[in-house]
There are 2 protein chains.
Amino acid sequence: MKKAQGGKVKMSDIASALGVSAMTVSRAFRGDAGINARTRARILSKAEELGYVFDSTASNLRQNRTGFVAVTVPSIENANFSATVRELSRGLLKRNIQILLANTEYDPEEEERLIAQLLRRNPEAIVLTGAQHTAKTRALLSKAPMPVIEIWDLPAKPIGHVVGFSNEASVRGLVDHMVRSGRRRLAFLGGETAHDPRGAQRRAGFVEAMAGHGLEATRLVPAGAAPVGMTEGASGLELMRELFPDTDGLICVSDLVAFGALAQCHRLGVKVPEDLAIAGFGNYEIGRICEPPLTTIDVHAGLIGSRTADMVLGLLEGTPPAAPLRQVLQPDLILRRST
Amino acid sequence: MKKAQGGKVKMSDIASALGVSAMTVSRAFRGDAGINARTRARILSKAEELGYVFDSTASNLRQNRTGFVAVTVPSIENANFSATVRELSRGLLKRNIQILLANTEYDPEEEERLIAQLLRRNPEAIVLTGAQHTAKTRALLSKAPMPVIEIWDLPAKPIGHVVGFSNEASVRGLVDHMVRSGRRRLAFLGGETAHDPRGAQRRAGFVEAMAGHGLEATRLVPAGAAPVGMTEGASGLELMRELFPDTDGLICVSDLVAFGALAQCHRLGVKVPEDLAIAGFGNYEIGRICEPPLTTIDVHAGLIGSRTADMVLGLLEGTPPAAPLRQVLQPDLILRRST
DNA sequence: CGGAAAATAGTTATCGATAACATATTGAGG
DNA sequence: CCTCAATATGTTATCGATAACTATTTTCCG
């Protein structure tokens, strides 16, 4: 039942059908103040009758506004990132702004290609998850006319605005907790690759925090290339027991990895937390449900999204701020029975 | 370092800088055949020098092509849907087509609002996850000039094209397996609400399959409104034990729910599969890792995405098919130790 | 009732790239 | 040296909505 007839209905069609001008129709659609209520009603009803669909491409060109925001994420399959995207999307919906989504697959080169594509579309703002970019990406974006927001990290040299938290400091909270409860032989699982900057920061935070307690952070277990998930957690636990059999506390780069390790402990008869304390990162739903539930860091992934949405809307409506905005969120330590 | 200078660089600026026409610049950018290689090189290098960024809004208007596809999902946080989106995105990237994403939050009214918005943007195609729509949505889409594809279901009255699988038939496979292994007092957890049509179909499939074995499907346990996850699985198991304590096999509306139930069994000392067999749906990563790993149905969520991408590309390039396309995928039964 | 302000609507030009058509240049063959 | 085709480039009009400006009608006051 596709519209077979050639010409599509446009504003001027409605206008001539009613003997008014196209401009009046345009005004009616935008709810412009200076238009007679009855005229407006006639226009809207005629539009409905003709099956008119507003064409935003024309409007986009004329107004130099597109009404969407470009968003890159390493992987939309990660529940943390998708929570951010969801809240971002929900927040932007208040102003009818939509999201143009791109997956970088944890690859800065791919990110560069995607951003080059996205820029051509004139998004109202560009939101980047992560702070690791190629030089060319940085160059492109620093010249871009729209706001750029890096989220999920606290870059030392931000391109524009920032909504993030400190991965290092968050891990410190976990280490402190483990040490406080008597564990000394701590290991960290994951985050060894340059390809996963957030994981690497968490691992760096681990090393740093251990040093703060006068402990050596020698128990660093690799988990492979990002994205690492439950599968890598399970195999990683085996590797840990092989390399550092005396470990009494394990901090994992994410709850998914921690759960994989926990499940493997189950299979091997390792008691958690008696034999081994396990902590995750990210406060995924699974950490709340599994047995024992996981001690973790809640990074407030959804909040990052909603705060970003608020920041975008603020930037679009108000006057540009003198200095780039930087919003630092405080993750929370969540203590559960796995430690 | 924002571009402070007023005017943005456009094709005609490059053109006049080189003493050629804007048309030639346009041709150079699109790699048009009839253009001198040296001219083209000069244009591209001058564009680089001036920091030119192609403006697709103008191109969109003139060519009546936008280069993006609108996609609605109930929730991007669901790993199954996000896998579909990822593969869809990946597949469309081959032709530089991007995704405009919208979350319906499992609400047909919200879907209607979103689709009305998305339509104004002239997407090249519209992909809807799910087949439950309001009458107005159906009306809007059946008049829409671009291809419409419903995925993840096999609607009786499709709007346009379809890439999906049968939820009912898939659950039948699980029931058959349970019955074959001697279980008779089977329960189904979830899918009772009209708000979650896929869950409802799975539950209907359960009832149907039980009837096929001459068994009564009286053990239907509600899990609450979509989205249901691990939390509802855990509470649902308790409810099941209260309502139907003699149950010996539990089929859950998803792996997440099944895992929640499994974790609760752990806590209550219920042995799986000895006391209770548990099966999930969707083949999420968690089902492979948890202990015991879950019997489930692999619906090939990623494949749905890549097949949809192929279908979209085919529809955009070739001549429109005489009849709407309908691609039916076959989910696989995956047997693991939880049953 | 006169006149100014407010309310309402119309005209024209424009956003930037590109389709469609027109023109200029080159080169090969006779 | 000329013709015709192939190659390379230029001109003009256009996609559809809307900003900026102008014109008309109403309203409301002294």
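Predicted model, so just to flag it, every value in this text is computed and none were measured.

Let us look at the interface of chain A and chain B. The partner chain B presents 63 residues to the 64 residues of chain A that form the contact. Between chain A and chain B, a total of about 5,500 Å² is buried, with carbon and sulfur atoms accounting for 53% of that surface. The salt bridge involving Arg86(B) is made with Glu105(A); its shortest N-O contact spans 3.3 Å. Counting only elements with at least two residues in the side of chain A that touches chain B, the list comes to helix H4 (56-63), helix H5 (79-93), strand S2 (98-103), helix H6 (108-119), helix H10 (230-243), helix H11 (255-268) and helix H12 (285-289) of chain A. Sorting elements by how many residues they give to the side of chain A that touches chain B places H5(A) first, with eight residues. Class assignment for the residues of the side of chain A that touches chain B results in 29 nonpolar, 18 polar and 17 charged.

The topology assignment puts Ser82(B) in helix H5 (residues 79-93). Judged by its relative accessible area of 1%, Ser82(B) falls in the buried class. Residues contacting Ser82(B), with those up to four places away along its chain left out, are Ile76(A), Glu77(A) and Ile76(B).

Now for the sheet that holds strand S3 (residues 125-129) of chain B. Read from one edge of the open sheet, 12 strands run S11(A)-S5(A)-S4(A)-S3(A)-S1(A)-S2(A)-S2(B)-S1(B)-S3(B)-S4(B)-S5(B)-S11(B), paired in mixed fashion. Every other strand in the sheet has two partners, leaving strand S11 (326-328) of chain A together with strand S11 (326-328) of chain B as the edge strands with one partner each. Direction aside, the axes of adjacent strands within the sheet are offset by 20° on average. Relative to strand S2 (residues 98-103) of chain B, S2(A) runs antiparallel, the two sharing three bridges. When the bridges of S2(B) are listed, Leu101(A) appears paired with Ile99(B). Of the strands in this sheet, S2 of chain A together with strand S1 (68-73), S2 and S3 of chain B are in contact with helix H6 (residues 108-119) of chain B, which crosses S2(B) at around 150°.

Quick look at the protein's contact with DNA strand C now. Around DNA strand C sit 26 residues, and of these Thr24(A), Arg27(A), Thr39(A), Ser26(B) and Tyr52(B) come closest. When atoms of DNA strand C within 4 Å of the protein are sorted by moiety, sugar and phosphate together comprise 65%. Residue Ser59(B) places a side-chain N or O atom 3.2 Å away from a phosphate oxygen belonging to DNA strand C. One nitrogen or oxygen atom from the side chain of Arg62(B) is found 3.1 Å from a base oxygen belonging to DNA strand C. Of all elements in the fold, only helix H2 (22-29) and H4 of chain A together with helix H2 (22-29) and helix H4 (56-63) of chain B reach the threshold of two or more residues within the surface near DNA strand C. Ranked by residue count, the leading element in the surface near DNA strand C is H4(B), at four residues. Its residues assigned to classes, the surface near DNA strand C comprises nine nonpolar, nine polar and eight charged.

Here the focus is the domain arrangement of chain A. Split by domain assignment, chain A resolves into domain 1 (11-54), domain 2 (66-165 + 302-329) and domain 3 (167-298). Of note, the centres of domain 1 of chain A and domain 3 of chain A, computed from C-alpha atoms alone, are 62 Å apart.

Another aspect to go through is the pattern of salt bridges. For the structure shown, the criterion picks out 37 salt bridges over all chains. When the shortest N-O distance is used, the salt bridge between Glu105(B) and Arg90(A) registers 4.0 Å. Residue Glu105(B) is found in the loop between S2 and H6, and its partner Arg90(A) is found in helix H5; the two belong to separate chains. Judged by relative accessible area, which is 30%, Glu105(B) ranks as partly exposed. Taking relative accessible area as the criterion, Arg90(A) reaches 40% and is therefore assigned partly exposed. We note a salt bridge from Glu208(B) to Arg172(B), for which the minimum N-O separation is 2.9 Å. Of the two residues, Glu208(B) sits in helix H9 (residues 197-212) while Arg172(B) sits in helix H8 (residues 167-180), which places them 36 residues apart along the sequence. Taking relative accessible area as the criterion, Glu208(B) reaches 41% and is therefore assigned partly exposed.

This part takes up the relation of the copies chain A and chain B. For the pair chain A and chain B, the relating rotation is 180°, the translation along its axis is 0.0 Å, and the fit reaches an RMSD of 0.1 Å. What we have between these two chains is a two-fold relation. The C-alpha atom lying nearest the rotation axis in chain A is that of Leu100(A); the distance is 2.3 Å. Comparing interface residues between copies, 98% of those in chain A also lie at the interface in chain B; the contact surface is shared.

Residue and element names in this part refer to chain A. The end-to-end C-alpha distance of helix H8 (residues 167-180) is 20 Å, a good match for the 20 Å that 14 residues give at a rise of 1.5 Å each. Burial in H8 covers these residues: Asn167, Ser170, Val171, Leu174, Val175, His177, Met178 and Val179. Positive phi appears at Gly182, one or two residues downstream of H8, with a value of about 95°.

A few words on the packing of helix H1 (residues 11-18) of chain B against H2(B). All names here are of chain B. Where H1 meets H2, the axes come as close as 8 Å, and the angle between the chain directions of the two elements is 110°. Taken together, the axis directions place H1 and H2 in an arrangement best described as roughly perpendicular. With respect to the hand of their crossing, H1 and H2 are arranged in right-handed fashion. Between H1 and H2, the residues in contact are Met11, Ser12, Ile14 and Ala15 and Ala22, Val25, Ser26 and Phe29, respectively. Per-class residue counts for the contact of H1 with H2 are six nonpolar, two polar and no charged.

A few words on the state of the cysteines. Taken as a whole and judged by the stated rule, the model has zero disulfides over all chains. Of all cysteine sulfurs, the one in Cys290(B) lies closest to Cys290(A), which takes part in no disulfide; the gap is 11 Å.

What follows is about the sheet that holds strand S6 (residues 186-189) of chain A. Residues and elements named next belong to chain A. Pairing in this open sheet of four strands is parallel, and the strands run S7-S6-S8-S9 from one edge to the other. Edge positions in the sheet fall to strand S7 (219-221) and strand S9 (277-279), since each of these pairs with one other strand and no more. Across the sheet, the axes of successive neighbouring strands diverge by a mean angle of 20°, strand direction being ignored. Pairing of S6 with strand S8 (residues 249-252) involves four bridges; the strand directions are parallel. Within the sheet, the bridge partner assigned to Phe188 lies in S8 and is Ile251. Across the sheet, helix H9 (residues 197-212) lies against S6, S7 and S8, angled at about 170° from S6, the strand it touches most. Seen against the sheet, H10 touches S6, S7 and S8 and runs at an angle of roughly 145° to S6.

The rules behind each value
- Residues numbered from 1 in each chain as written.
- Chains lettered and ligands numbered in written order.
- Predicted model: local features only at pLDDT ≥ 70, side-chain atom pairs only at ≥ 80, totals over all residues.
- Heavy atoms only, no water.
- Contact = heavy atoms within 4.5 Å.
- Buried area = accessible area lost by both parts, 1.4 Å probe.
- Salt bridge = Lys/Arg side-chain N within 4 Å of Asp/Glu carboxyl O.
- Helix = DSSP H or I, 4+ residues; strand = E, 2+ residues; numbered from the N terminus.
- Nonpolar A, V, L, I, M, F, W, Y, C, P; charged D, E, K, R; others polar.
- Buried < 20%, exposed > 50% of the residue type's maximum accessible area, 1.4 Å probe, protein only.
- Pairing = 2+ DSSP bridges.
- Axes fitted to C-alpha atoms, helices over the stretch in contact; angles between N-to-C directions.
- Near = heavy atom within 4 Å.
- Polar contact = N/O pair within 3.5 Å; in protein donor to acceptor, adjacent residues only side chain to side chain.
- Domains from an automatic or database assignment.
- Least-squares fit on C-alpha atoms with pLDDT ≥ 70 in both.
- Expected span 1.5 Å × (residues − 1).
- Parallel < 35°, antiparallel > 145°, perpendicular 65-115°, else oblique.
- Left-handed = near helix turned anticlockwise from the far one by under 90°.
- Disulfide = S-S within 2.5 Å.

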